[in-house]
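Residue strings, one per chain:
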Amino acid sequence: MRVSASASENKKPRAEADSLALDTDLGWAIRMVSAAFRRVATDSVADLPGGARGYLVLVALAGGSEPPSQLALAKEVSLDRTVMTYLLDDLEAHDLVTRRPDPRDRRARQVLITDTGRARLAQVRGSLGAAEARLLTDLNPKDTEQLRTLLARVAQTAQREVVAPDESEC
């Protein structure tokens, strides 16, 4: 009987240990993927004004139907509005974006991607796509698409948490 109890006791810690394994930990996985992505993607966006931040701004502008205000764009890409102003200055100096007064509110400025910005974005996306393919090499196309979909959903939740954190924690 003692052997049976000992075996049972050994199984429980083993199951707990399996559930606590590093390779099944979400935080570890996110950290590893983030670090690897940063390494492979950095070269792809290095020549773009603002690097990764400049890339995100161009993607946000290229995908939108109506030009956002500077403030709305800053919120969308999760950048401080002061940082956004300097970044847009740099992107505008390279003819990648342009700003104009918002017809609904002359105090606000809309941000538009230029043809030069679209062309540059296409170049960067090609280079970045190759870098992403290296990172996702062990996934088949269906898994890759599913990963992108799920990560986008988690990112949207995370963005909502950053923009409007739970007030009960205040």
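Looking at an unreviewed UniProt entry, the chain carries the name MarR family transcriptional regulator, with the source organism given as Streptomyces lannensis.

Talk me through the packing of helix 3 (residues 51-63) against helix 5 (residues 81-93); I want residue IDs and the actual numbers.
Axis angle and axis distance: for two packed helices, these are the angle between their axes and the distance between the axes, and together they describe the pair. For the pair helix 3 and helix 5, the least separation of the axes is 11 Å and the interaxial angle reads 80°. Classified by the interaxial angle, the pair formed by helix 3 and helix 5 is roughly perpendicular. Across from R53, G54 and V57 in helix 3, the residues of helix 5 making contact are V83, M84, L87, L88 and L91. Considered class by class, the residues forming the contact of helix 3 with helix 5 number 6 nonpolar, 1 polar and 1 charged.

So what's going on with a nonpolar patch on the surface? Which residues, and what values?
On the surface, a cluster of nonpolar side chains totalling about 300 Å² of accessible area is made up of L22, W28 and M32. In this fold, W28 is placed in helix 2 (residues 26-45).

Describe the environment of V97, with residues and values.
When you line up the elements, V97 lands in strand 1 (residues 97-102). Assessed through its relative accessible area of 1%, V97 is described here as buried. With 21 residues separating them along the chain, V97 and R118 place their C-alpha atoms 9.2 Å apart. Setting aside residues no more than four positions away along its own chain, V97 makes contact with L58, L61, L88, L91, E92, V111, L112, I113 and T114.

Cut-off values and rules
Residues numbered from 1 in each chain as written. Predicted model: local features only at pLDDT ≥ 70, side-chain atom pairs only at ≥ 80, totals over all residues. Heavy atoms only, no water. Axes fitted to C-alpha atoms, helices over the stretch in contact; angles between N-to-C directions. Helix = DSSP H or I, 4+ residues; strand = E, 2+ residues; numbered from the N terminus. Parallel < 35°, antiparallel > 145°, perpendicular 65-115°, else oblique. Contact = heavy atoms within 4.5 Å. Nonpolar A, V, L, I, M, F, W, Y, C, P; charged D, E, K, R; others polar. Patch = residues over 30% accessible without salt bridge, like charges linked within 9 Å, V, L, I, M, F, W, Y side chains within 5 Å. Areas by Shrake-Rupley, 256 points an atom, 1.4 Å probe, with all protein chains shown as cover. Salt bridge = Lys/Arg side-chain N within 4 Å of Asp/Glu carboxyl O. Buried < 20%, exposed > 50% of the residue type's maximum accessible area, 1.4 Å probe, protein only.

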